[in-house]
Amino acid sequence: MLLGCIADDLTGATDLALMLTRAGMRTVQVMGVPAANADFDGFDAVVVALKSRTNPAAEAVAWSLASADVLLARGAKQLFFKYCSTFDSTDQGNIGPVAEALLAKTGAEIALACPAFPANKRTVYLGNLFVGEQPLAESPMKDHPLTPMRDSNLVRVLQRQTKLPVGVIPHAVVDQGAAAIEGAFKGAALIGKRFVVVDAIADRHLIDMGRAAASHKLITGGSGVAMGLPANFLAQSLMKAAGSATRMAAPNGRQLIIAGSCSEATRGQVKAAIAAGIPVHEVDARAVAAKKLGPADLVSWAKKQPASAPVLIYSSAEPARVAEVQREFGRDTAGSMIEALLAATAKALCADGFTRVIVAGGETSGAVVAALGVTAIEIGPEIAPGVPWTLARDGRPLALALKSGNFGGSDFFLSAWSHLV
Ligand code: ADP
């Protein structure tokens, strides 16, 4: 293993793993803190998917350090702490505390911080994060239910989360290329900075900062920064680039789609699947609450459908309906009730002939993966930007596509299968 990554959520981990795979690194994704003897054989990069973004900081730090211990003991030459491209993190943490703990663990002199992802319209200029044309604190992120971002200046945001000095490497330097950025890292370290927010408004800035940080023991950022890292290992002849396949050999068996996301993209995908005539079963929250609909009902319905086509089980609903349900049952109760039902249904069907599974929704994916007991997945071909097919690594016959709600085009539930053979 060359690169050991720690991601603060599941779909973010997959996004990073895919980025590394595309750049030629053989990558495996592990769910939760890996066991000391986890099977990493044959992989250049390991991505640990934690669910630590909004946990108490002490818990996020403990899990991140435990993961770092395993990754370093298993030979990682560099650690990458991956967080969201909108820097989802309040003054209570967790980015600062985790980054600080990993800096101490690796003995790194300085670490960069850069959530930029220009392809997704996240850019950093003079330390300020922009979401599209809006500064972070004026974007919809200002009202995020868990991590409202009310300050666009990442130097200030990060400095409130850590006692270590935070600096910035501005666009004027970054735009001159890798050598200039490397010089700025050294200059910042000389004046005592331990973290530097690095500007990036285009992919080439991310690639150059990755190259400039080749010798850094710790890197922190969004998945965009990972763009520049595989080239460092290739340049040092530490690995050979693996070709990225467009199709994946998957276990034979039936196809299942579980949609627990209510985001606009997923609702569009459900509509397209219904229009295409795929057998569908809606999950009505009230029926679930009244115990009129349970996993056994969905399992027996799915098994009665023709084996030749996918089946779709969805709870996806329009915002007004979701709001009604949340008012009636409470947001968390409604969410966990539906997640539990979908997860139990997926588990039963996967034990009964379904081997090719798409899950829509970040939290929903987490619940399904936990119910299935999948501990590691191998990253396969990209279906849509940020979403790969993956294979369960524990020997069971299972191909999984875990999709963050907003990802993928409207035909995702129809076209994803063409990447499997
Ligand atoms: P996304 O990736 O779009 O955010 P998630 O799966 O992370 O999707 O989150 C969606 C949440 O909404 C889950 O907790 C899910 O159980 C819940 N949910 C799904 N359908 C409904 C519904 N009809 N009413 C209320 N909540 C729902």
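Residues numbered from 1 in each chain as written. Predicted model: local features only at pLDDT ≥ 70, side-chain atom pairs only at ≥ 80, totals over all residues. Heavy atoms only, no water.

Concerning the pairing of strand E7 (residues 128-131)
Each regular strand displays side chains that alternate between the two surfaces of the sheet.
Stage number 1. Residues Leu129 and Val131 point to one face of E7 and are all buried, whereas Asn128 and Phe130, pointing to the other face, are not buried.
Stage number 2. With 4 bridges connecting them, strand E6 (residues 122-125) and E7 associate as antiparallel partners. Along E7, the bridge assignment pairs arginine 122 with valine 131.
Stage number 3. Here E6 folds back onto E7 in antiparallel fashion, the turn holding 2 residues, of which leucine 126 has a positive phi close to 50 degrees.
Stage number 4. Strand direction decides the pairing type here: E7 and strand E8 (residues 134-135), joined by 2 bridges, are antiparallel. By the bridge assignment, phenylalanine 130 is partnered in E8 with proline 135.
Stage number 5. Between E7 and E8, which pair antiparallel one after the other, the connecting turn spans 2 residues, and glycine 132 there sits at a positive phi close to 65 degrees. (Buried < 20%, exposed > 50% of the residue type's maximum accessible area, 1.4 Å probe, protein only. Helix = DSSP H or I, 4+ residues; strand = E, 2+ residues; numbered from the N terminus. Pairing = 2+ DSSP bridges.)

Considering the pattern of salt bridges
Stage number 1. If you walk through the whole model with that rule in mind, you get 24 salt bridges.
Stage number 2. Here aspartate 39 makes a salt bridge to arginine 393, at a shortest N to O gap of 3.0 Å. One end of the pair, aspartate 39, is in the loop between strand E2 (27-31) and strand E3 (45-49); the other, arginine 393, is in the loop between strand E17 (387-392) and strand E18 (399-403), with 354 residues separating them in the sequence.
Stage number 3. Residues participating in the shared-partner salt-bridge network are Asp8, Asp9, Arg53 and Asp88. (Salt bridge = Lys/Arg side-chain N within 4 Å of Asp/Glu carboxyl O.)

Observations concerning the site of the ligand
Stage number 1. Contacts to the ligand come from 17 residues, most closely from Ser261, Ser315, Glu339, Glu363 and Thr364.
Stage number 2. Compared with its free state, where it exposes 580 Å², the ligand has 81% of that area covered by protein.
Stage number 3. For the shell around the ligand, the elements supplying multiple residues, two or more each, are helix H12 (319-329), helix H13 (331-350) and helix H14 (362-372).
Stage number 4. Classifying every residue of the shell around the ligand by side-chain character gives 5 nonpolar, 10 polar and 2 charged. (Near = heavy atom within 4 Å. Areas by Shrake-Rupley, 256 points an atom, 1.4 Å probe, with all protein chains shown as cover. Nonpolar A, V, L, I, M, F, W, Y, C, P; charged D, E, K, R; others polar.)

Some thoughts on the layout of surface pockets
Stage number 1. Estimated volume of the second largest pocket: approximately 330 Å³.
Stage number 2. Listing elements by their share of the lining of the second largest pocket, those giving two or more residues are helix H1 (10-22) and strand E16 (376-384).
Stage number 3. In terms of residue count, E16 provides more of the lining of the second largest pocket than any other element does, 5 residues in total.
Stage number 4. The residue makeup of the lining of the second largest pocket, split by class, is 9 nonpolar, 8 polar and 5 charged.
Stage number 5. For the lining of the second largest pocket, the two domains that each supply at least three residues are domain 1 (3-235) and domain 2 (254-419). (1 Å grid on protein atoms, 1.4 Å probe; cavity = no way out; pocket = protein on both sides within 12 Å on 5 of 7 lines; lining within 4 Å. Points joined across faces, edges and corners; volume = space filled by probe spheres on them. Domains from an automatic or database assignment.)

What about the domain arrangement of the protein?
Stage number 1. Taken domain by domain, the protein comprises domain 1 (3-235) and domain 2 (254-419).
Stage number 2. Distance between the C-alpha centres of domain 1 and domain 2: 30 Å.
Stage number 3. Listed as interface residues are 17 residues of domain 1 and, on the opposing side, 21 residues of domain 2.
Stage number 4. In terms of surface lost to domain 2, no three residues of domain 1 exceed Thr11, Leu18 and Met31, which account for 34% of the buried area on that side.
Stage number 5. For the pair domain 1 and domain 2, the number of links is 3 salt bridges.
Stage number 6. Glutamate 382 is the salt-bridge partner of arginine 22, the closest N and O atoms lying 2.6 Å from each other.
Stage number 7. Taken together, the links from domain 1 to domain 2 amount to 6 residue pairs in polar contact (both at pLDDT 80 or more). (Contact = heavy atoms within 4.5 Å. Buried area = accessible area lost by both parts, 1.4 Å probe. Polar contact = N/O pair within 3.5 Å; in protein donor to acceptor, adjacent residues only side chain to side chain.)

Some remarks on the sheet that holds E7
Stage number 1. Strand order in the open sheet made by the 3 strands is E6-E7-E8, with antiparallel pairing throughout. Because the sheet does not close on itself, it has two edges, and the strands there are E6 and E8.

A short note on the environment of alanine 119
Stage number 1. With respect to the helices, strands and loops of the structure, alanine 119 is situated in the loop between strand E5 (111-114) and E6.
Stage number 2. A relative accessible area of 58% places alanine 119 in the exposed class.
Stage number 3. Put simply, alanine 119 and serine 215 are 96 residues apart on the chain and 26 Å apart in space, counted from C-alpha to C-alpha.

Considering empty space enclosed by the protein
Stage number 1. Counted by the stated rule, this structure contains 1 cavity of 30 Å³ or more.
Stage number 2. Roughly 40 Å³ of volume is contained in the largest cavity.
Stage number 3. In this structure, the largest cavity is lined by Asp8, Ser52, Arg53, Ala60, Phe81, Asp88, Ser89, Asn94, Ile95 and Val98.
Stage number 4. Residue composition of the lining of the largest cavity, grouped by class: 4 nonpolar, 3 polar and 3 charged.

Some remarks on unusual backbone geometry
Stage number 1. Here the residue pair glycine 93 and asparagine 94 is connected by a cis peptide bond, since its omega of 20 degrees sits within 30 degrees of zero.
Stage number 2. Inspection of the secondary structure puts asparagine 94 in the loop between strand E4 (78-82) and helix H3 (95-106).
Stage number 3. A positive phi angle is found at lysine 121, which is not glycine, with a value near 65 degrees.
Stage number 4. Assignment of secondary structure puts lysine 121 in the loop between E5 and E6.
Stage number 5. Its identity is not glycine, yet serine 237 carries a phi of approximately 55 degrees, on the positive side.
Stage number 6. For serine 237, the position within the fold is in the loop between helix H8 (229-235) and strand E12 (254-259).
Stage number 7. A relative accessible area of 64% means that serine 237 is categorised as exposed.

Thoughts on the packing of helix H11 (residues 295-304) against H13
Stage number 1. H13 packs onto H11 with a crossing angle of 45 degrees between their chain directions and a minimal axis gap of 9 Å. Here H13 runs oblique to H11, going by the angle between their axes. The crossing of H11 and H13 is right-handed. Only Leu341, Ala344, Thr345, Ala348 and Leu349 of H13 make contact with H11, whose side of the interface consists of Pro295, Leu298, Val299, Ala302 and Lys303.
Stage number 2. When the residues that make up the contact of H11 with H13 are grouped by side-chain class, the tally is 8 nonpolar, 1 polar and 1 charged. (Axes fitted to C-alpha atoms, helices over the stretch in contact; angles between N-to-C directions. Parallel < 35°, antiparallel > 145°, perpendicular 65-115°, else oblique. Left-handed = near helix turned anticlockwise from the far one by under 90°.)

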